[in-house]
Amino acid sequence: MQIILFGPDQTEEVNFDQFSSFLHGIQRQCLKAEFDTFSDGMDFITDDEFMRLLLKRTFISDIKKARYIDRLESRPEERRHKILFDQFCQFMNLLNDFPDFEVAIRMFAITKKPLTRKDFQRAVKASTGLEFDRELVDVIFDVFDEDNDNKLGHDEFIKVMRDSIKSRGTLGHHASSSSSSSSVYWNCVRQYMYKSYAR
């Protein structure tokens, strides 16, 4: 890594934009490797594979995971979607900005207002600056709309997202007082890699 950034003799300088671009590239490669484990060489994954990828690092029970997947697999063919790599990255970007997104979602819960697809998109854009493609929104609502009324179940969705974030080390990953300077440095790099993604 030092040679790539600073050259063989460690004398080259790297500005912020170059370093940010370098980290962005590393993160995309990591996400692509994860994506490729489910794509079987294709340029897409099915929406139920996308959900499996998301659920595999959560702490919810296997029974509940199976229930989520069953909801997707029981849909008619015309309601199924292919998820492209860039769409997968859109979702990962939401995990980076999840605290802001959760605040927006919690406002609906406090006011007891149901969260529609339009409201969900508004919350995504407010926290990330982007809008999800329709396919991603459809998958999320197909899984977490337990009453089939086109309204999102706030609590379960937030729990699953928080589990996924914790497993990736993107939140709550502070170094203890006994950590070495090296571990603190690499923790900062990992945090920045996720935060700098898709800006």
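These lines cover the structure that appears in this document, whether it is placed above or below. A quick note: this is a predicted structure, and the numbers were derived from the prediction, not measured.

Another aspect to go through is the overall build of the chain. Secondary structure summary: the chain contains 10 helices and 2 strands in total. If you list the helices and strands of the chain from N to C, you get α-α-β-α-α-β-α-α-α-α-α-α. Evaluated residue by residue, the chain yields a buried proportion of 42% over its 199 residues. Put simply, of all contacts in the chain between residues at least 6 apart along the chain, 67% involve residues at least 24 apart. Of the roughly 11200 Å² of accessible surface on the chain, a fraction of 53% belongs to carbon and sulfur atoms.

Tallied over the entire structure, the rule returns 14 aromatic pairs. Judged by centre distance (5.7 Å) and plane angle (45°), the ring pair of Phe-98 and Phe-101 falls under tilted. One end of the pair is Phe-98 and the other is Phe-101, both in helix H6 (residues 98-110) and 3 residues apart, which spans about a single turn. The class of Phe-101 is buried, set by a relative accessible area of 0%. Plain terms: the ring middles of Phe-101 and Phe-157 are 6.2 Å apart, the flat faces sit at 75° to each other, and that makes the pair edge-to-face.

About the criteria used
Residues numbered from 1 in each chain as written. Predicted model: local features only at pLDDT ≥ 70, side-chain atom pairs only at ≥ 80, totals over all residues. Heavy atoms only, no water. Helix = DSSP H or I, 4+ residues; strand = E, 2+ residues; numbered from the N terminus. Buried < 20%, exposed > 50% of the residue type's maximum accessible area, 1.4 Å probe, protein only. Contact = heavy atoms within 4.5 Å. Areas by Shrake-Rupley, 256 points an atom, 1.4 Å probe, with all protein chains shown as cover. Phe/Tyr/Trp six-rings, centres within 6.5 Å; stacked < 30°, edge-to-face > 60°.

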